[in-house]
Amino acid sequence: MVSRIAGLLRLVGRSAEGMALTGLVKESGLTRPTVHRLLSSLASEGLLDHDAVSGNWVLGPEILLMGSVASARFPLEDIARPSLRRLAEATGESAFFSIRRGSETVCLLREEGSFPVRSFVLHEGVRFPLGVASAGTAIMAFLPETEQEELLVRWAEHAGAFAASHTLERVRANLAQTRLAGYSVNPGLVLEGSWGMGAAVFDASGRPAWALSLTGIEPRFKPGRQEELGSLLMAEAHRITQQLAGDKARPAR
């Protein structure tokens, strides 16, 4: 029951616009009566709302309250936001900060760049399987080989709808290139013409747990510029890694 509820909350939370009942039934794999019953229960507790105009189910006010409390324990906004601003200002591209959650990455923060033409593939709440998109590739590339293989041996199931463009051979090549360069490049595999680059941020134990990324249109990510963007990403990723390690090292007051 808990996993069903958590799954519905994740689906609704993919975007600020929420999701319609039909979409929730399709994505969750649950029956329509079950989904409707769970949604109604969540709404009665303030965790979800039903938008009368769009007909979509959206996150409720209790989620906001919970998030504000959780943010005090995970001060990632304070730590990551300055890096996102520097990246957006230096490159003109949109910058993002994503977190690993199990076998997925979830976009937490966004900072828009100044370049007038943008890619809108990524925004807060968007989830991708590990190994898909630039953030997921950057994180997966630096996981232990055994963990990578656990995902790769069932790649079609893991990648789902993204498996067609992210073939197993291409993913393996992308992971190897990311380990070599230190940063990932997504050449329009999620959406044609929308490119991205990412760099992993490591936790205190040295595991990749977050990622910084830049997205934009293909002409902005030509080979001649990739090294420059990659260096900026890695510098800011290292900065955040060091800050997080410093926070862990400080004694509790």
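Reading the values: rules and limits
- Residues numbered from 1 in each chain as written.
- Predicted model: local features only at pLDDT ≥ 70, side-chain atom pairs only at ≥ 80, totals over all residues.
- Heavy atoms only, no water.
- Helix = DSSP H or I, 4+ residues; strand = E, 2+ residues; numbered from the N terminus.
- Rg over C-alpha atoms; globule rule 2.2 N^0.38 Å.
- Buried < 20%, exposed > 50% of the residue type's maximum accessible area, 1.4 Å probe, protein only.
- Contact = heavy atoms within 4.5 Å.
- Areas by Shrake-Rupley, 256 points an atom, 1.4 Å probe, with all protein chains shown as cover.
- Lys, Arg positive; Asp, Glu negative; His and termini not counted.
- Charge placed at Lys NZ, Arg CZ, Asp CG, Glu CD.
- Phe/Tyr/Trp six-rings, centres within 6.5 Å; stacked < 30°, edge-to-face > 60°.
- Pairing = 2+ DSSP bridges.
- Axes fitted to C-alpha atoms, helices over the stretch in contact; angles between N-to-C directions.
- Polar contact = N/O pair within 3.5 Å; in protein donor to acceptor, adjacent residues only side chain to side chain.
- Core = buried A, V, L, I, M, F, W, Y, C linked by side-chain atoms within 4.5 Å.
- Expected span 1.5 Å × (residues − 1).
- UniProt positions renumbered as here; feature names shortened; annotations may be inferred.

- An unreviewed UniProt entry lists the chain under the name IclR-family regulatory protein, with Pseudarthrobacter scleromae given as the organism.

Some remarks on the overall build of the chain
Next, step 1: The secondary structure content of the chain amounts to ten helices and eight strands.
Next, step 2: Relative to the 2.2 N^0.38 estimate, which gives 18 Å for 253 residues, the radius of gyration of the chain is 19 Å and therefore close to what a compact globule would have.
Next, step 3: With the C-alpha coordinates aligned to their principal axes, the bounding extent of the chain is approximately 55 × 50 × 40 Å.
Next, step 4: Expressed as a percentage of its 253 residues, the buried residues of the chain come to 43%.
Next, step 5: For the chain, restricting intrachain contacts to residue pairs at least 6 apart in sequence, the fraction spanning at least 24 positions comes to 55%.
Next, step 6: Total accessible area computed for the chain in this model is approximately 13300 Å², and 56% of it derives from carbon and sulfur atoms.
Next, step 7: Charge centroids of the chain, computed over 27 positive and 27 negative side chains, lie 2 Å from each other.

Structural notes on the packing of aromatic side chains
Next, step 1: Counting across every chain of the model gives two aromatic pairs.
Next, step 2: Note on Phe128 and Phe162: the rings are 5.4 Å apart at their centroids and 70° apart in plane angle, and the pair reads as edge-to-face. With Phe128 in strand E5 (residues 127–129) and Phe162 in the loop between helix H8 (155–159) and helix H9 (168–181), this residue pair connects regions lying 34 residues apart in the sequence.

Digging into the sheet that holds strand E3 (residues 94–101)
Strands pair in a sheet through their backbones, by hydrogen bonds, and they do so in one of two ways: parallel or antiparallel.
Next, step 1: An order of E5-E4-E3-E8-E7-E6 is seen for the six strands of this open sheet, with the pairing classed as antiparallel. This sheet does not close on itself; its edge strands, each paired only once, are E5 and strand E6 (184–191). Across the sheet, the mean angle from the axis of one strand to that of its neighbour is 35°, orientation sign disregarded.

A look at the environment of Asn186
Next, step 1: Note on placement: Asn186 falls in strand E6.
Next, step 2: Separated by 51 residues in sequence, Asn186 and Ala135 place their C-alpha atoms 9.0 Å apart.
Next, step 3: In contact with Asn186, other than residues within four places in its own chain, are Ala133, Ser134, His166, Ser194, Trp195 and Gly196.
Next, step 4: There is a polar contact of 3.2 Å between the side chain of Asn186 and the backbone nitrogen of Leu189.

Notes on the nonpolar core
Soluble globular proteins tend to bury their nonpolar side chains together.
Next, step 1: Counting residues in each nonpolar core, the largest one holds 25 residues, and the members touching the most others are Phe97, Val201, Trp210, Leu212 and Ile240.
Next, step 2: Listed in part, the 18 residues of the second largest apolar core include Met140, Leu143, Ala163 and Ala211.

Overview of helix H5 (residues 76–91)
Next, step 1: Across its 16 residues, H5 extends 22 Å between first and last C-alpha, which sits within 8% of the 22 Å expected from 1.5 Å per residue.
Next, step 2: Of the positions making up H5, those classed as buried are Leu76, Ile79, Ala80, Arg81, Ser83, Leu84, Leu87, Ala88 and Thr91.
Next, step 3: Immediately beyond the C-terminal end of H5, within one or two residues, lies Gly92, with a positive phi of roughly 80°.

Thoughts on the UniProt feature "domain: HTH iclR-type" (unreviewed entry) in the chain
Next, step 1: The UniProt record annotates "domain: HTH iclR-type" (unreviewed entry) at residues 1–61.
Next, step 2: End-to-end, the C-alpha atoms of residues 1–61 are 22 Å apart, and along that stretch the chain is 54% helix and 10% strand.

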